[in-house]
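Structural characterization, general
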Amino acid sequence: MSDKSDAFDQAYDLVIIGGGPGGYVSAIRAAQLGLKVACVEMRGTLGGTCLNIGCIPSKALLESSHHYEEASHGLAEHGLKIGKVGFDVKAMMARKEKIVGELTGGIEFLFRKNKVDYIRGRGTILDTDTVEVTAEDGSKQQLLTDTIAIATGSDVASLPGIEIDEKRIVSSTGALSLPKVPKKMVVIGGGFIGLELGSVWRRLGAEVTVVEFLDRIVPNMDGDISKTLHRILKKQGMTFRMSTKVTAAKKTRSGVSLTVEPAKGGESETLEADVVLVAVGRRPFTEGLGLENVGIVPDQRGFIAVDKHYRTSVANIFAIGDVIGGAMLAHKAEEEGIALAEYLAGQRPHMNYDVIPGIVYTHPEAASVGKTTEQLREEGIEFRAGKIPFSSNARAKTVGETDGFVKVLADATTDRILGVHVLGPEAGTIIHEAAVAMEFEATAEDLFRTCHGHPTLNEVVKEAAMAVHKRSISA
Ligand code: FAD
Ligand code: NAD
C-alpha cells in the first residue's frame, strides 16, 4: 500500500464501485482470496439492479401472476375444482418487497462474514488511487486503494421525446410497482423486459399490446424461438404490432396517447393506453463516476472498454458487468466479478463467453446457450440441427405443458455442440444441461449417450441430440 495511506480515511487493495451482481460477487471472491476490499454502493441497499429492480422482483411477480393464471384456468384439466379466484396487487407487491429485502440484507451479511467493507454513498474516482465517497447526508470520505473496479452497471434507456415519469410512462422499475392493474398497457419493445413484464400484467387482466421495431420478438434468440414464442404469447392474449415504431407519446388526462407508424415509414396511427412501458434496452451507467479525472473515455454508446483481464485504459482501474457491454445479464456480471478477483489475486481465471445462457422467464420459458441458427449461417459454419417438440415427451404430457421444443445445433464435421435452444416447461433449468456439456466441449453424441432419467423433460434434450444424427426414437 502506498505511503499516502496516513492521509486517508481507509486504505485498500481493491475498491469496487457498485454493489450489483458484478461488484458484490467480485468483492466477496477478492476477500476470500485475502485482499482488503471495500464495496461502494449509493442505492442504499446492495444487490444492484438485479436484486432491487430487476431479476428478482420481476421473477417474484412472474411467479405470483402465473399462480393466479394457473388457478384461474389451468387446474380444471387436472380435475381440480376451486371457486372464483381473486388477487390482491398490494399483497403481491409486499411479497416481492419482502423477498428483495431478505436477499439484499443477505449480501450485507455475506460482506460481514467475508470482511468486505460496505461503504454507503456515491463513489467518484478522484485519481488513480483515490475514490471519494459522498454519503446521502453530503459527508465525504476518501479511500486510498491499489486498484479500483468499476461495476456501476446500467440504467434504463428511453426513446427521444418520450419522458419516463414512472407513473403513466414507466420503465421496468415503475412496471414492477404499479399500484393497480392498468386496463390497457402498451409495451414498447418485444425483448426480455417487454415480454416478462407484459406477461405479468396481462395475466392479471391488462390488455397488453407490444410494439416491436423489428419483425421478430427477442431478436437475439434463435429464430425458431422468436417465432414459436410469438405464437404462444399471442394465443395467451398478448397483441403484437411488429415492424412498428413509436414516434411520439403524449400524456392525456387519463393515460397516454402514442403515435406509431411502420418501421420503414408510412401512415401513422394512434394507440391509447393507461400505462406505457418503455423496454427498448439499457444503457451503461457512469454518471458522476469521475472517469474524466483519470482519462477514461467511454465508447460512443457509453460502455467502458476493457482488455481480456477487464483492465481499462488506466493500468490499475478495471471494469466489469453491464457497464462494459456484451450480454447485460446478472450471471455474466458475476462471472466477470469472480474472474477479476482471481486475476487480481494472481490466479489465471477463465471466462467463456461462448457459453452464457440467456433465459426469458415467460410461460413457457425460452432459453438459449451458444450460437443461434442465424449466427451459424452468417458465420458460414456448417452445422446439423436436431429439433424435438415437447409434445413427444411423456413427462411434458403429464405436466400438461407440451408447447415448445428443444433444438440442438452441432458442428457438421466434429459433432461438437455449438448451440442449444429450448422453448418449453422448465427451459431455464433444462438449458444448464446443455451449458455444462458445451463447457466440456461435448458432442451431440456425448449428450445422447448420457443416460437420461425417465420420465423427465430433459429427455427432449437427449432426443434432440439424437435427431442431429437422425436417430431420434420418440419423434
Ligand atoms: P447493476 O446490477 O446495475 O449494479 C450496479 C450498481 O452500482 C447499482 O446498484 C448502482 O446503484 C451502483 N452505482 C452506480 N454508480 C455508482 C457510484 N458512482 N457509486 C456507488 N454506486 C454506484 N439479468 C439476468 O441475468 N436474469 C434476469 O432474470 C434479469 N432480469 C432483469 C429484469 C429487469 C427488469 C432488469 C432491469 C434487468 C434484469 N436483468 C436480468 C439484468 C441484470 O439486472 C443486470 O445484467 C445486472 O444487474 C448487471 O449487474 P452489474 O453488477 O453490472 O450492475
Ligand atoms: P432487449 O434488448 O432485450 O429488448 C429491447 C427490444 O426493444 C428489442 O426487441 C428491440 O428490437 C426493441 N426496440 C428497440 N428500439 C425500439 C423502438 N424504438 N420501438 C420499438 N421497439 C424497439 O432490452 P430490454 O427488454 O429493455 O432489457 C434490457 C436488458 O436487461 C436485456 O438486454 C437483458 O440483458 C436484461 N434483462 C434480462 C432478463 C432475463 O435474463 N430474463 C430479463 C429482463 C432484462
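Check the entry above for the structure.
These lines cover the structure that appears in this document, whether it is placed above or below. (Residues numbered from 1 in each chain as written. Chains lettered and ligands numbered in written order. Predicted model: local features only at pLDDT ≥ 70, side-chain atom pairs only at ≥ 80, totals over all residues. Heavy atoms only, no water.)

Re the overall build of the protein chain
Stated formally: What counts as a helix is a DSSP run of H or I of at least four residues, what counts as a strand is a run of E of at least two, and both are numbered from the N terminus. With C-alpha atoms as the basis for the radius of gyration, the globule rule is written as 2.2 Å multiplied by the number of residues raised to the power 0.38. Each residue's exposure class comes from its accessible area (1.4 Å probe, protein chains only) as a fraction of the maximum for that residue type: buried when under 20%, exposed when over 50%, partly exposed otherwise. Note on definitions: a residue-residue contact is assigned when non-hydrogen atoms from the two residues lie within 4.5 Å. Charge convention: Lys and Arg are scored as positive, Asp and Glu as negative, and His as well as the terminal groups of each chain are ignored. Every charge is mapped to an atom, namely NZ of Lys, CZ of Arg, CG of Asp or CD of Glu.
Per the secondary structure count, the protein chain includes 14 helices and 22 strands. For a compact globule of 475 residues, the expected C-alpha radius of gyration is about 23 Å, and the protein chain comes in at 24 Å, within 12% of that figure. If one aligns the C-alpha atoms of the protein chain with their principal axes, the spans along those axes are about 70 × 60 × 50 Å. Within the protein chain, buried positions represent 52% of all 475 residues. Of all intrachain contacts in the protein chain linking residues separated by at least 6 positions in sequence, the fraction that spans at least 24 positions is 64%. The positive charge centre, built from 54 side chains, and the negative charge centre, built from 62, are 6 Å apart in the protein chain.

Some thoughts on the packing of aromatic side chains
Test applied: Stacked, tilted and edge-to-face are the three classes assigned to paired rings of Phe, Tyr and Trp, where Trp is represented by its six-membered ring and a pair needs centres within 6.5 Å; plane angles under 30 degrees give stacked, over 60 edge-to-face, the rest tilted. The rule for a charge over a ring is simple: NZ of Lys or CZ of Arg within 6 Å of the ring centre, and within 35 degrees of the ring normal.
If you walk through the whole model with that rule in mind, you get three aromatic pairs. Pairing Phe111 with Tyr118 gives two aromatic rings, centres 6.3 Å apart and planes at 75°, and the pair type is edge-to-face. Tyr118 sits in the buried class, given a relative accessible area of 19%. For the cation-ring pair, Lys387 lies above Phe405, with the distance from its terminal atom to the ring centre recorded as 4.5 Å.

Some remarks on the site of ligand 2
Put simply, the rule is: Consider each residue's heavy atoms; a residue with any of them within 4 Å of a molecule or strand counts as near. Here a polar contact means two N or O atoms within 3.5 Å. Within protein one must be a hydrogen donor candidate and the other an acceptor candidate, and residues neighboring in sequence count only if both atoms are side-chain atoms. Gly is placed with the polar residues, together with every amino acid not listed as nonpolar (Ala, Val, Leu, Ile, Met, Phe, Trp, Tyr, Cys and Pro) or charged (Asp, Glu, Lys and Arg).
Neighbouring ligand 2 are 23 residues, the closest being Glu196, Glu212, Gly281, Met328 and Ile359. At a separation of 2.6 Å, an oxygen atom of ligand 2 approaches a polar backbone atom of Met328. Ile359 has a polar backbone atom sitting 2.7 Å from a nitrogen atom of ligand 2. Partitioned by chemical class, the residues of the shell around ligand 2 number 14 nonpolar, five polar and four charged.

Structural notes on the sheet that holds strand β22 (residues 417-424)
This is how it is decided: Pairing between strands is defined by DSSP: at least two bridges between the two strands are required. To get an axis, a line is fitted to the C-alpha atoms, and for a helix only the part in contact is used. The angle between two axes follows their N-to-C directions and goes from 0 to 180 degrees.
Taken together, the five strands give an open sheet; going across it, the order is β18-β19-β22-β21-β20, and neighbouring strands pair in antiparallel fashion. Whereas interior strands pair on both sides, the edge strands pair on one side only; in this sheet they are β18 (358-360) and β20 (383-389). When strand polarity is set aside, the average angle formed by the axes of neighbouring strands in this sheet is 10°. Where β20 meets strand β21 (residues 405-411), seven bridges bridge the pair, whose relative direction is antiparallel. Bridge assignment links Ala385 to a residue of β21, and that residue is Leu409.

Details of the nonpolar core
Filter applied, for reference: To define a nonpolar core, start from buried Ala, Val, Leu, Ile, Met, Phe, Trp, Tyr and Cys residues and group those joined through side-chain atoms within 4.5 Å.
Membership of the largest hydrophobic core comes to 51 residues, with the highest contact counts inside it found for Ile16, Val37, Phe111, Ile125, Ile150, Ile296 and Ile317. If you tally residues by element for this core, the top one is helix α1 (residues 21-32), at six residues. If we skip the residues at most four places from it in the chain, Ile125 touches Ile17, Thr130, Ile148, Ile150, Leu289, Gly290, Asn293, Val294 and Ile317. Judged by nonpolar contacts, the second largest core, of 37 residues, contains Leu176, Met185, Leu204 and Ala366.

Details of the pattern of salt bridges
Should their charged atoms come close, side chains of opposite charge can pair. Our working rule: The salt bridge criterion pairs a side-chain nitrogen of Lys or Arg with a carboxyl oxygen of Asp or Glu, the two atoms within 4 Å.
Under the criterion given, the structure shown has 24 salt bridges. In this structure, Glu342 engages Arg29 in a salt bridge whose closest nitrogen and oxygen atoms are separated by 2.8 Å. Taken together, the residues span a long stretch of sequence, with Glu342 in helix α9 (residues 330-344) and Arg29 in helix α1 at a distance of 313 residues. Assessed through its relative accessible area of 21%, Arg29 is described here as partly exposed.

Quick notes on the pairing of strand β4 (residues 122-127)
Examined bridge by bridge, β4 and strand β5 (residues 130-134) share five bridges and lie antiparallel to one another. Counted as the bridge partner of Arg122 is Thr134 from β5. Between β4 and β5, which pair antiparallel and follow one another directly, the connecting turn spans two residues.

Let's talk about the pairing of strand β2 (residues 37-41)
The test is simple: Crossovers are described as right-handed under a simple rule: with the strands pointing away from the observer, the path leading from the first strand over the helix to the second runs clockwise.
Taking burial as the measure, the five residues of β2 include five buried ones, the bulk of the element. Burial of the side chains of β2 extends over both faces: Val37, Cys39 and Glu41 are buried on one face and Ala38 and Val40 on the other. Taken together, the four bridges between strand β1 (residues 10-17) and β2 define a ladder with parallel strand orientation. From the neighbouring strand, Val15 faces β2, where its bridge partner is Ala38. What joins β1 to β2 is α1, and the crossover it makes is right-handed. When β2 meets strand β3 (residues 117-120), the two strands line up parallel, connected through four bridges. In the strand pairing of β3, Cys39 is matched with Tyr118.

Observations concerning the state of the cysteines
Heads up, the rule is: Pairs of cysteine sulfur atoms within 2.5 Å are what we label disulfides.
Under the defined criterion, the tally for this structure stands at one disulfide. Across a sulfur-sulfur distance of 2.5 Å, Cys50 and Cys55 are joined as a disulfide pair. Negative torsions about the S-S bond denote left-handed disulfides, and the value of about -130° found for Cys50 with Cys55 makes this one left-handed. Owing to a relative accessible area of 26%, Cys55 belongs among the partly exposed residues under this scheme.

Focus on the side chain of Arg202
Assignment of secondary structure puts Arg202 in helix α6 (residues 192-203). Residues contacting Arg202, with those up to four places away along its chain left out, are Glu69, Val208, Gln236, Gly237 and Met238.

Here we look at the layout of surface pockets
Note the cut-off: The pocket and cavity definitions rest on a 1 Å grid over protein atoms only: a 1.4 Å probe that fits but cannot leave marks a cavity, an open set with protein on both sides within 12 Å along at least five of seven lines marks a pocket, and residues lining either have an atom within 4 Å of a point. Grid points are joined across faces, edges and corners, and a volume is the space filled by probe spheres set on the points.
As a volume, the second largest pocket reaches approximately 600 Å³. Together, 19 residues line the second largest pocket, and Glu70, Gln236, His363, Gly400 and Glu401 are the ones closest to its centre. Broken down by secondary-structure element, the contributors of at least two residues to the lining of the second largest pocket are α3 (55-74) and α7 (223-236). Ranked by residue count, the leading element in the lining of the second largest pocket is α3, at five residues.

Structural notes on the site of ligand 1
Near ligand 1 lie 38 residues; those nearest to it are Glu41, Thr49, Lys59, Gly123 and Ala330. Here Gly123 contributes a backbone N or O atom positioned 2.8 Å from a nitrogen atom of ligand 1. Here an oxygen atom of ligand 1 and a backbone polar atom of Asp322 are 2.9 Å apart. Residue assignment for the shell around ligand 1 shows that the elements contributing at least two residues are α1, β2, α2 (48-53), α3, β4 and α9. Here the residues of the shell around ligand 1 sort into 16 nonpolar, 16 polar and six charged.

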